[in-house]
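Fold and geometry: a report
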Amino acid sequence: MKKTLVFCLLSLFSVGGFCQASESSISIIPEPVSLVKGAGSFVLPENISISMPASPELNETGQLLKQKFAVTGRAVTLVGADKVSIIELILNKNADKSLGNEGYTLSVRGAGILIKANKPAGLFYGVQTLLQLLPKEIESPVPVSGTVWNVPIVEITDYPRFGWRGLMFDVARHFFTKQEVKDFIDNMARYKFNLLHMHLTDDEGWRIEIKSLPRLTSVGAWNVKRVGYFGTFDKPAPDEPRNYGGFYTQDDIRELIKYAKDRFINIMPEVDIPGHSMAAIVSYPELSCTAGADKYQVISGEKFIDWHQGGFDALEDNTLCPANEKVYPFLDKVFTEIAALFPFEYIHVGGDECAKNFWEQSDAVKQLMKKENLKTMDEVQSYFEKRVEKIVESKGKKLIGWDEILAGGLAPNALVMSWRGMDGGIQAAKLGHQVVMSPTTFVYLDYMQGDPIYEPEVYATLRLNTTYEFEPVPEGVDPKFILGGQANLWSEQIYNTRHLQYMVWPRSLAVSECLWSPREKKNWNSFAKKVENNFPRMDLEQVKYSRCMFDPIFTAKKDANDSLLIDLSMEVEGLDIHYSFDNSHPDNFYPVYKGPLSVPKDAVMLEVVTYRGDKQMGRQIEMPVDVLKKRAGLIK
Ligand code: ACM
């Protein structure tokens, strides 16, 4: 109370602390609930004192502030909560109910900066916002000179719309090191995500040490390195060295959990069963119902699922057999160790894309169906999920699974993660189950961000502006069932951490705003501008991101004479598209696109590039006319 009074008085009288507002616009992502901008700005003094509560939960927050402000070249000291300081972090003695557990208020006045919250998480988020108010050089990894360290005068009140703000990281298809996971966590924290879902097991690798089942990692964590298009590789020869992959020891996991917790992020483990389980089957073939499973190998990206119209069949049986009584004690061991490691209340048990064609052939499964009166293969999976739920609950945890777990009857207390669109989530919510929305249609980070002609090709395209339309609460669904949402980064086609970042950013900026900010505050044009303003920060942070938002969208159509007509459009406003058909690279002196283009006779290539004024914004793109003709159905 006393200190706050000092702060207010200093605010009134410290006119010298004001100066001309820097021209830079305020670009906070995710958009705060309320931001009132005052006149002028606060200039960081030569000595920066930061006072904060002596809570171990805030140690990392203090270190982060110290480390960030060190780049200013000023002296930075952390002082106790009762000391007068330039930057004050205060925990409210009487909770401000509107802020909840993660909200905060942030005041930048002429005398200094004050962040208040009910809980440490709120102070941490207030600090993230403060960093975004500072000049971008605050993100420099090394001290900088010549920057004017202004912070605009503002009053911010902020709290999240949803309590579940997740990103999923598939470390199974390709293994990423502990340090790479920490870097991923650091980037999540900047944008106020609070849940890292780690997809720890799949056909291509088992990534977590289970001490009672050592083969899961001595065998199941290793395959043969292949690069190119996942799912098309030749099957490795039996004697090829299996030395690609890796896993996290239990000590590694504890370290990651602590690292994430210090940044107010929970880690949720996923063990994807009963499908997607080849790494487990290869480690312990007795878990299969299929003869010959002992000859299988951990998948390296060769084709082993036949995707066809209306479904898919496994060419090798990658499932845990629900009719095999050895499977359940195996899972009991796995979940005993997982539950002991991860404090988060949910364990994700997968459940997606389970091929049933080997079950259909299995005598053991047929007997199980007879005994349990199960009529369909979906009911067989549901039988499995219900037994798994009992195991998970016996460890004091709750079960969450992908929306396939709805088919054949949902386990009684299951939380559903809706990925095949929103329908699974809607159905689960109507059954009174809690839901996390993570639909392919809006938040699949493995999908391309632009046209396959200029992006590394993968299943589908999902542009930034579509992701920004993500609305986790569908019409007609009681919001109380929707815990929130998350975006999923599957790594089949992601071989290294730079490309990982490229796929995650900037789409996860859109996801963060969809999950944190009030719905009515969302605005695509201002968000796009904020993203653009954020890119120089990411450059300083040395985080790779995609600039696809500055590249055109090609739409190929037939005109009335069955000739090709090409529409070009943009996600963001204010850019000119310059083009050529003469095989030369256009620049801002070339024609500007004004409307649908017909192709000049004999032209083979449309080349395009975007500019804002004289600044090139997009890439030089070469689009073969024949590709567009194919898209328009004019040639095969
Ligand atoms: C999924 O994308 N298979 C959950």
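**Details of the overall build of the chain**
Each helix and strand in the chain was counted, giving 18 helices and 28 strands. For a compact globule of 636 residues, the expected C-alpha radius of gyration is about 26 Å, and the chain comes in at 27 Å, within 12% of that figure. Seen along its three principal axes, the alpha-carbon backbone of the chain occupies a region of about 85 × 70 × 50 Å. With 636 residues in all, the chain has 58% of them scored as buried. Surface summary for the chain: the accessible area is close to 26,000 Å², and the carbon and sulfur share equals 53%. Measuring between centres, the 71 positive side-chain charges of the chain sit 5 Å from its 82 negative side-chain charges.

**Focus: the packing of helix 2 (residues 59-70) against helix 3 (residues 120-133)**
Two elements in contact, helix 2 and helix 3, have axes whose closest approach is 10 Å; the angle formed by their N-to-C orientations is 10 degrees. With respect to each other, helix 2 and helix 3 are oriented roughly parallel. Between helix 2 and helix 3 lies a crossing whose hand is left-handed. Contacts between helix 2 and helix 3 involve Thr 61, Leu 64, Leu 65, Lys 68 and Phe 69 from the first element and Phe 124, Val 127, Gln 128, Leu 130 and Leu 131 from the second. For the contact of helix 2 with helix 3, the residue count by class is seven nonpolar, two polar and one charged.

**Details of the nonpolar core**
Grouped together as the largest cluster of nonpolar side chains are 182 residues, with contacts concentrated most on Phe 69, Phe 330 and Phe 335. Core analysis: the next-biggest nonpolar cluster, separate from the first, contains 16 residues, Tyr 346, Trp 419, Val 436 and Tyr 444 among them.

**A closer look at the environment of Phe 124**
Among the secondary structure elements, Phe 124 is positioned in helix 3. For Phe 124, a relative accessible area of 2% corresponds to the buried category. Each residue touching Phe 124, except ones within four places of it in the same chain, is listed here: Thr 61, Leu 64, Ala 189, Asp 262, Arg 263 and Phe 264.

**Describing the side chain of Ser 546**
The residue Ser 546 is located in the loop between helix 17 (524-541) and strand 22 (553-558) in this model. There is a polar contact of 3.0 Å between the side chain of Ser 546 and the backbone nitrogen of Cys 548. The residues touching Ser 546, leaving out its near neighbours within four places in the chain, are Gln 449, Tyr 502, Trp 505, Pro 506 and Phe 535.

**What about the confidence of the model for the chain?**
Chain-level statistics for the chain give a pLDDT mean of 94 and a share of 96% at 70 or above. The model gives residues 1-23 a pLDDT under 50, and that stretch makes 44 contacts with residues more than four places away or in other chains.

**Side note on the pairing of strand 9 (residues 195-199)**
Counting buried positions along strand 9 yields five of five residues, so the element is predominantly enclosed. Side-chain alternation along strand 9 places Leu 195, His 197 and His 199 on one buried face and Leu 196 and Met 198 on a second face that is also buried. Across five bridges, the pairing between strand 8 (residues 164-170) and strand 9 is parallel. Each residue of the ladder has a partner; that of Met 168, found in strand 9, is His 197.

Calculation notes
Within each chain, residue numbers correspond to sequence positions counted from 1 in written order. Note on the predicted model: pLDDT of at least 70 is required for a residue's local features to be given, and 80 or more for side-chain atom pairs to be given and counted; whole-chain, interface and lining totals, by contrast, use all residues. Hydrogens and waters are ignored; side-chain quantities use all the structure's heavy atoms. Counting from the N terminus, the helices are the DSSP runs of H or I reaching at least four residues and the strands are the DSSP runs of E reaching at least two. Two things to know: the radius of gyration comes from C-alpha atoms, and the globule rule equals 2.2 Å times the number of residues to the power 0.38. Only protein chains enter the accessibility calculation, which uses a 1.4 Å probe. A residue is then buried if its area is under 20% of the maximum for its type, exposed if over 50%, and partly exposed in between. Only the protein chains shown count as cover for residues, and the accessible areas themselves come from Shrake-Rupley with a 1.4 Å probe. His is not counted, nor are the chain ends, whereas Lys and Arg count as positive and Asp and Glu as negative. A charge is said to be at NZ when it belongs to Lys, at CZ for Arg, at CG for Asp and at CD for Glu. Every axis corresponds to a line fitted to the C-alpha atoms, with the helix fit spanning only the stretch in contact, and the corresponding angles, defined between N-to-C directions, vary from 0 to 180 degrees. We call two directions roughly parallel when the angle between them is under 35 degrees, roughly antiparallel when it is over 145, roughly perpendicular when it lies between 65 and 115, and oblique otherwise. Note on convention: near helix rotated counterclockwise from far helix by under a right angle means a left-handed crossing. Clockwise means right-handed. Pairs of residues are marked as contacts when any of their non-hydrogen atoms sit within 4.5 Å. Asp, Glu, Lys and Arg are counted as charged, while Ala, Val, Leu, Ile, Met, Phe, Trp, Tyr, Cys and Pro are counted as nonpolar; the rest, among them Gly, fall into the polar class. For the purposes of this section, nonpolar cores are sets of buried Ala, Val, Leu, Ile, Met, Phe, Trp, Tyr and Cys residues that join through side-chain atoms within 4.5 Å. We define a polar contact as two N or O atoms separated by no more than 3.5 Å, with the added condition that, inside protein, one atom must be a possible hydrogen donor and the other a possible acceptor, whereas residues neighbouring each other in sequence contribute only through side-chain atom pairs. Confidence scores labelled pLDDT are given residue by residue by the predictor and lie between 0 and 100. Paired strands, in this sense, are two strands between which DSSP finds at least two bridges.

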